[in-house]
Amino acid sequence: MLFKFRHVAAIGFMLMALQTWADVRLPKVFGSHMVLQRRKPIPVWGWSDPGEKITIQFNNQTKTAKADKAGKWMLRLDPTEAGGPYALTVRGKRNTVAFDDVLVGDVWVCSGQSNMEWTVKSSFNTAKEIQEANYPLIRHFKVPHDLSLTPKDDLLGGEWKPCTPETAGDFTAVGYFFARELQKELNVPIGLLNTSWGGTQSESWTSREAMESFEEFKPALATMPKSLEDYSKQRMEQLQGQIAKLQGALPDAAEVKQWSATDFNDAGWQTLRLPDLFDRKAIPNFDGVVWFRREVTIPDELAGKQLTLSLGQIDDADETYVNGVKVGNTGQVGQVRNYTVPVGTLKPGRNVIAIRVEDYGGGGGFSAKEDQLKLTGTGKDIPLAGDWKYRIADFNRNAVLVNPNLTGTILYNSMVNPLIPYAIEGVIWYQGESNAGRAYQYRKTFPLMITDWRTRWGQGDFPFLFVQLASFNAANGNSASGSTWGELREAQTMTLALPNTGMAVTSDIGEPKDIHPKNKQDVGKRLALNALKTVYGQNRVYSGPVFKSMEVNGNKAILTFDQVGSGLMSSDKYGYLKGFEVAGADQKFYWAKAEIQGDKVVVYANEVATPVSVHYGWADDNGEVNLYNKDGLPAVPFRTDTWKGITEAGRFK
């Protein structure tokens, strides 16, 4: 009897598994609370038994489809106007799938890297924004992080969430503030498909077929691993080689135990200026454990006293020691570190601070501002920004090795392809920081990605609106030394040559020492202005002044602009213009005086007798720029020359 029971149970289990496989199933992007695109045919697709008849009911429509030999089916609902809530019901021969609270409105894909993934709860005025986030017609779907070297047909998970004070904190901030503007103006539901991943490059969001069409990508494609396992192995070998070149072999556990001690000899360690992200400067895309050490001289009057060691934010976890005494540890990303140094720990003269930093994934290191790195107490500060010694203790040997930045297509396959052909109005995009070193190539690769998405979605040249990089002192780049960020902004501006594109300029609202500016409200508003004008046909000024031409009269360069709106203006209360530089044939730039004369700007410098080129906002940190139109939108940074840049040799590998 026992054997028969087990046998019957096994058959039942297999039948259940077979039935589950054969049930009608839709991609995870479909769900209750979703927004479907208005005024366009609405693709609905899924899987079932081969040849099975599928019936769909939605808003007085009844449609049928038949699954193909592979069990896949698809149909298109007729276009409908904005409205809802509705129910969507999908029936097969074995089961029925039903979604409720379905709205019809406009669906926008929100994609890019960390400044798009940045949440409402991490932006300016967090408490007020979340408290007032009662917009039930705005819906948000966060695509889970996933990686694949081959196209996937479904997402790992995800769910649609209506916008309430309880949910809005986790929405993409740029997407939410964009949607809020549109919803107020248009009074239609807005759906946000948030497929973003911090620190990622555009090539990872591009399909393999598109990459194969671009000659400069072919060497990289030839060495692309065939599986994630191969990729992880390749990455481990690469990391071992990078570490060996940097510092030799990894230390053993006994050596690492000595690294917090005051008398440990760190003369052979490498040097890095802090605060900074280790994996941006030392080994790109490194995840693991790094130790940092710094000697600090304590004056007699502070020796032995209780002080506070301030380190700002560290990504991800730290253990911190002073003269071998552990003064604190934190395992939470983004938390500001303020550790009490106990009485008697500090000695007069030489002291040593040692910090063990562990980066689990993504960016790793110190993201503090310089003035946050210090010892404080009894009314006196001892600054700690500057050169620190560092050494790698170990690197991660897990799935984190498969980094989304180390090969192409890996995010397109897993986080974009499963969304296609979900009907959308358009895309908003905030990315480019990770491509700055290849800015010249980005002139081609960014348009390639946009065209690729449009081709594969099969919905024509849908709107593609993007954010130009904000001001940030990435590497002290400027006109004299060259600026990777200046060249990346130029590549973004050139992408406007593609039809149905728009750009939000954000140079004036960045933060020089923070790659993640908190003012996402204005970013969303400026993207919305683009959409209201170019997509929805409203009579709006949607762009700041755009350089058009230059003529030279004596020692003066006279600049004309498009998109002047109601006229040109400076944000300076005295009317002074900042951010302009001028150079002669020697290509040496000087800060220039600039004056608004009607709809023109006249630029000159006493050092330049005959201007050949003008730069405006040409620096990594270009936050001082202050040319606007009277409608309040900032001018697009530009240069008038085509002189060789510093990223022309940069290639995706």
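None of these values were measured; they are calculated from a predicted model. (Residues numbered from 1 in each chain as written. Predicted model: local features only at pLDDT ≥ 70, side-chain atom pairs only at ≥ 80, totals over all residues. Heavy atoms only, no water.)

A. Local environment of the overall build of the protein chain. Looking only at helices and strands, one finds 13 helices and 34 strands in the protein chain. The buried share among the 653 residues of the protein chain stands at 55%. If you take every contact in the protein chain between residues at least 6 apart in sequence, the share linking residues at least 24 apart comes to 76%. Accessible surface for the protein chain amounts to roughly 27,800 Å². Of this, 50% is attributable to carbon and sulfur atoms. The average position of the 73 basic charges and that of the 73 acidic charges among the side chains of the protein chain differ by 3 Å. (Helix = DSSP H or I, 4+ residues; strand = E, 2+ residues; numbered from the N terminus. Buried < 20%, exposed > 50% of the residue type's maximum accessible area, 1.4 Å probe, protein only. Contact = heavy atoms within 4.5 Å. Areas by Shrake-Rupley, 256 points an atom, 1.4 Å probe, with all protein chains shown as cover. Lys, Arg positive; Asp, Glu negative; His and termini not counted. Charge placed at Lys NZ, Arg CZ, Asp CG, Glu CD.)

B. Geometry of the nonpolar core. Phe30, Trp73, Tyr422, Trp453 and Phe464 are the most contacted members of the largest nonpolar core, which totals 77 residues. The element that contributes the greatest number of residues to this core is helix α11 (residues 439-457), accounting for eight residues. When near neighbours in sequence (up to four residues on either side) are disregarded, Tyr422 contacts Val29, Phe30, Met34, Val35, Leu36, Trp45, Val107, Trp160, Leu193, Trp457 and Gln459. By size, the runner-up hydrophobic cluster in this structure holds 35 residues, among which are Cys110, Val188, Val523 and Tyr536. (Core = buried A, V, L, I, M, F, W, Y, C linked by side-chain atoms within 4.5 Å.)

C. How the structure looks around the packing of aromatic side chains. Inspection of every chain in the model, using the stated rule, returns 38 aromatic pairs. Geometrically, the ring pair formed by Tyr135 and Tyr176 is edge-to-face, given 6.4 Å between the ring centres and 65° between the ring planes. Pair noted here: Tyr135 is in strand β8 (residues 135-142) and Tyr176 is in helix α4 (residues 173-186), with a separation of 41 residues, a long-range link. Just as Tyr135 is buried, Tyr176 falls in that class too. Seen from their ring centres, Trp205 and Trp429 are 6.3 Å apart, and the 85° between their planes marks the pair as edge-to-face. A residue pair is termed long-range when its members are at least 10 positions apart, and Trp205 in the loop between β10 (190-196) and α5 (208-212) and Trp429 in strand β22 (residues 426-430) qualify at 224 residues. A connected cluster of aromatic rings, assembled from ring pairs, spans Trp205, Trp429, Tyr442, Phe446, Trp453, Trp457, Phe462, Phe464 and Phe466. The lysine or arginine in question, Arg454, covers the ring of Phe462, its NZ or CZ lying 5.9 Å from the ring centre. One Lys or Arg, Lys556, reaches over the ring of Tyr604 and ends 4.8 Å from the middle of that ring. (Phe/Tyr/Trp six-rings, centres within 6.5 Å; stacked < 30°, edge-to-face > 60°. Lys NZ or Arg CZ within 6 Å of the ring centre and 35° of its normal.)

D. Main features of the sheet that holds strand β28 (residues 580-583). If you walk across this open sheet you meet the four strands as β29-β28-β32-β34, and the pairing is antiparallel. Looking along the sheet, the strands with just one partner apiece sit at the ends: β29 (589-591) and β34 (638-639). Both β28 and strand β32 (residues 613-616) contribute to a ladder of four bridges, which runs antiparallel. Bridge pairing links Val582 to Val614 in β32. (Pairing = 2+ DSSP bridges.)

E. Focus on unusual backbone geometry. Cis rather than trans, the peptide bond between Gly84 and Pro85 has omega equal to 5°. For Pro85, the location among the structural elements is in strand β6 (residues 83-91). Across the junction of Leu274 and Pro275, the peptide omega takes the value 5°, indicating a cis bond. Relative to the helices and strands, Pro275 is located in the loop between β11 (270-274) and α9 (278-281). Positive phi, normally seen in glycine, also occurs at His33, with a value near 75°. On the secondary structure map, His33 appears in the loop between α1 (2-22) and β1 (35-37). Note on His33: relative accessible area 27%, which makes it partly exposed. With a phi close to 55°, Gln563 is a non-glycine residue in the positive phi region. Positionally, Gln563 belongs in the loop between β26 (556-562) and β27 (568-570).

F. Main features of the environment of Asn539. Mapped onto the elements, Asn539 comes out in the loop between α13 (521-534) and β25 (546-553). Using a relative accessible area of 76% as the deciding quantity, one classes Asn539 as exposed. In sequence terms Asn539 and Leu529 are 10 residues apart; their C-alpha atoms lie 9.9 Å from each other.

G. A look at the sheet that holds strand β12 (residues 288-298). Spatial ordering of the open sheet is given by β11-β21-β12-β17-β14-β15, a layout of six strands whose pairing is antiparallel. A strand with exactly one partner marks an edge of an open sheet, and here the two such strands are β11 and β15 (325-330). Looking at each pair of strands side by side, their axes are set apart by 30° on average, direction ignored. Bridge analysis of β12 against strand β21 (residues 386-395) gives six bridges, and the strand direction is antiparallel. Following the sheet pairing, Trp291 is matched in β21 by Arg391. Sitting on the sheet, helix α7 (residues 228-247) is in contact with β11 and β21, with an inclination near 140° to β21. (Axes fitted to C-alpha atoms, helices over the stretch in contact; angles between N-to-C directions.)

H. Seen up close, the confidence of the model for the protein chain. Of the residues in the protein chain, 96% have a pLDDT of 70 or more, and the chain-wide mean is 93. Between residues 1-20, whose pLDDT stays under 50, and residues either more than four places distant or in other chains, the model counts one contact. (pLDDT = per-residue confidence, 0-100.)

I. Up close: the side chain of Thr506. Examined against the element boundaries, Thr506 turns out to sit in the loop between β24 (501-504) and α13. On the basis of relative accessible area, Thr506 is assigned to the buried category, the value being 1%. Discounting chain neighbours no more than four positions away, the residues touching Thr506 are Tyr430, Val467, Gln468, Leu469, Ala470, Ser471, Val523 and Arg526.

J. Up close: the environment of Asp371. Turning to its location among the elements, Asp371 is positioned in the loop between β18 (365-366) and β19 (374-377). Residues Asp371 and Lys593 lie 222 residues apart in sequence; the distance between their C-alpha atoms is 32 Å.

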